[in-house]
Amino acid sequence: MSERFDIDETPLSGLMLIRRKQRRDERGYLERIYDAHDFREQIGQRTIVQINRTLTQERGTVRGMHFQLSPYAELKLVSCLRGSVFDVAVDVRQGSPTFLHWYAATLSAENGLALLIPEGFAHGFQTLVENCEMLYVHTETYEPSHERGLHPEDPRIGINWPQPVTGLSPRDLAHPKLTDAFDGVKA
Ligand SMILES: Cc1cn([C@H]2C[C@H](O)[C@@H](COP(=O)(O)OP(=O)(O)O[C@H]3O[C@@H](C)C(=O)[C@@H](O)[C@H]3O)O2)c(=O)[nH]c1=O
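Residues numbered from 1 in each chain as written. Predicted model: local features only at pLDDT ≥ 70, side-chain atom pairs only at ≥ 80, totals over all residues. Heavy atoms only, no water.

- The name that an unreviewed UniProt entry assigns to the protein is dTDP-4-dehydrorhamnose 3,5-epimerase, with the source organism given as Dyella lipolytica.
- The Function (unreviewed entry) comment attached to the protein in UniProt states, word for word, "Catalyzes the epimerization of the C3' and C5'positions of dTDP-6-deoxy-D-xylo-4-hexulose, forming dTDP-6-deoxy-L-lyxo-4-hexulose."
- The protein has a UniProt comment under Sequence similarities (unreviewed entry) that states "Belongs to the dTDP-4-dehydrorhamnose 3,5-epimerase family." (UniProt positions renumbered as here; feature names shortened; annotations may be inferred.)

## Brief notes about the sheet that holds strand 1 (residues 5-9)
Move 1: Here six strands make up an open sheet; going across it, the order is 1-2-10-7-12-5 and the pairing antiparallel. Whereas interior strands pair on both sides, the edge strands pair on one side only; in this sheet they are strand 1 and strand 5 (50-56). Each neighbouring strand pair of the sheet contributes to a mean axis angle of 25°, computed without reference to strand direction.
Move 2: Where strand 2 (residues 16-20) and strand 10 (residues 113-117) come together, four bridges link them in antiparallel fashion. Following the sheet pairing, Arg 19 is matched in strand 10 by Leu 113. (Pairing = 2+ DSSP bridges. Helix = DSSP H or I, 4+ residues; strand = E, 2+ residues; numbered from the N terminus. Axes fitted to C-alpha atoms, helices over the stretch in contact; angles between N-to-C directions.)

## Side note on the site of the ligand
Move 1: Residues in close proximity to the ligand include Gln 50, Asn 52, Arg 63, His 66, Lys 76, His 123, Gly 124, Tyr 136, His 138, Tyr 142 and Arg 171, which together make up its full environment.
Move 2: In the model, an oxygen atom of the ligand is placed 2.7 Å from a nitrogen or oxygen of the Arg 63 side chain.
Move 3: Side-chain polar atom of Lys 76 to an oxygen atom of the ligand: 2.8 Å apart, as the coordinates give it.
Move 4: Look at the ligand: alone it shows 660 Å² of surface, and the protein chains cover 66% of it.
Move 5: At a threshold of 2 Å from the grid points, most atoms of the ligand map onto the largest pocket.
Move 6: Mapped onto the shell around the ligand, the elements with two or more residues apiece are strand 5, strand 6 (62-68), strand 11 (121-127) and strand 12 (132-138).
Move 7: Considered class by class, the residues forming the shell around the ligand number two nonpolar, six polar and three charged. (Near = heavy atom within 4 Å. Polar contact = N/O pair within 3.5 Å; in protein donor to acceptor, adjacent residues only side chain to side chain. Areas by Shrake-Rupley, 256 points an atom, 1.4 Å probe, with all protein chains shown as cover. 1 Å grid on protein atoms, 1.4 Å probe; cavity = no way out; pocket = protein on both sides within 12 Å on 5 of 7 lines; lining within 4 Å. Sits in = over half its atoms within 2 Å of the grid points. Nonpolar A, V, L, I, M, F, W, Y, C, P; charged D, E, K, R; others polar.)

## Describing the side chain of Asp 172
Move 1: With respect to the secondary-structure elements, Asp 172 resides in helix 2 (residues 170-173).
Move 2: The charged side chain of Asp 172 is buried without a salt bridge, its nearest counter-charge being Arg 171 at 4.4 Å.
Move 3: Engagement of the side chain of Asp 172 in a polar contact is seen with the backbone nitrogen of Gly 64, the distance being 3.0 Å.
Move 4: Not counting chain neighbours up to four residues away, the residues in contact with Asp 172 comprise Val 62, Arg 63, Gly 64, His 66, His 151 and Pro 152. (Buried < 20%, exposed > 50% of the residue type's maximum accessible area, 1.4 Å probe, protein only. Lys, Arg positive; Asp, Glu negative; His and termini not counted. Salt bridge = Lys/Arg side-chain N within 4 Å of Asp/Glu carboxyl O. Contact = heavy atoms within 4.5 Å.)

## Let's talk about the sheet that holds strand 13 (residues 147-149)
Move 1: Taken together, five strands build an open sheet; the order of strands is 9-8-11-6-13 and the sheet is antiparallel. Strands with a single pairing partner mark the edges of an open sheet, and in this sheet they are strand 9 (102-108) and strand 13. Adjacent strand axes in the sheet meet at a mean angle of 25° when their direction is disregarded.
Move 2: Where strand 6 meets strand 13, three bridges bridge the pair, whose relative direction is antiparallel. In the strand pairing of strand 13, Gln 68 is matched with Glu 147.

## Description of the state of the cysteines
Move 1: Applying the stated rule across the entire model yields zero disulfides.
Move 2: Of all cysteine sulfurs in the structure, the one in Cys 132 sits closest to Cys 80, which takes part in no disulfide; the separation is 5.3 Å.
Move 3: Residue classification places Cys 132 among the buried positions, given a relative accessible area of 0%. (Disulfide = S-S within 2.5 Å.)

## Details of the pattern of salt bridges
Move 1: With the rule as written, the count across this model stands at 13 salt bridges.
Move 2: Among the salt bridges present, the one from Asp 6 reaches Lys 21, with a minimum N-O distance of 3.5 Å. Of this pair, Asp 6 sits in strand 1 while Lys 21 sits in the loop between strand 2 and strand 3 (23-25), placing them 15 residues apart in sequence.
Move 3: Its salt-bridge partner being Asp 180, residue Arg 156 comes within 2.5 Å of it at the nearest N-O pair. With Arg 156 in the loop between strand 13 and helix 2 and Asp 180 in the segment after helix 2, the pair connects residues that are 24 residues apart, well separated along the chain.
Move 4: A relative accessible area of 67% means that Asp 180 is categorised as exposed.
Move 5: Ionic contacts of the salt-bridge type, sharing partners, join the residues Asp 6, Arg 19 and Lys 21 into one network.

So, in structure tokens, the structure goes:
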């Protein structure tokens, strides 16, 4: 039990839904984004190596679905600090009973929700309003040669995006759709 967070399991083992508990006073609030002690079970021996922030201006924009291959596979804590996003993780773990299942949560500053996404998941999101800011806490360095992606509209995954998918980057548009040959990654 943590004073700073609710940490809940999702239907996909290892993928955790986090809720930040704000400390409010007349000035506003303080909330913790990451806590090595509270997340010790999930983080294990990993270390935080980078923290990134993005701004996405247009509503409906999708970024994703991204993951890195071993030895750069990573756990990431994904939080929304402004706006509201439909945040999605897809299980791509070889042999997983929930292989290619997806889980989504609406993340916003107001609801204080975040996803803690371990190795073996692809991640992406769709902005539900304009000007969404995301904060990523990563346990591995960015290694473009080991980056891979799933197409956000891959019919084999069937993510139920709340809005038409727009704003894909050239890289995300080029993600190939899955074939039977894809049996996942070692997590
Ligand atoms: C991810 C990343 C990108 N970059 C550079 C590469 C490029 O010039 C620019 C934008 O990169 P991208 O197009 O990959 O950005 P983006 O599409 O926002 O990538 C992100 O998407 C979400 C869904 C995630 O889960 C993140 O981990 C990350 O993959 O920033 C870094 O320098 N460091 C990084 O860690």
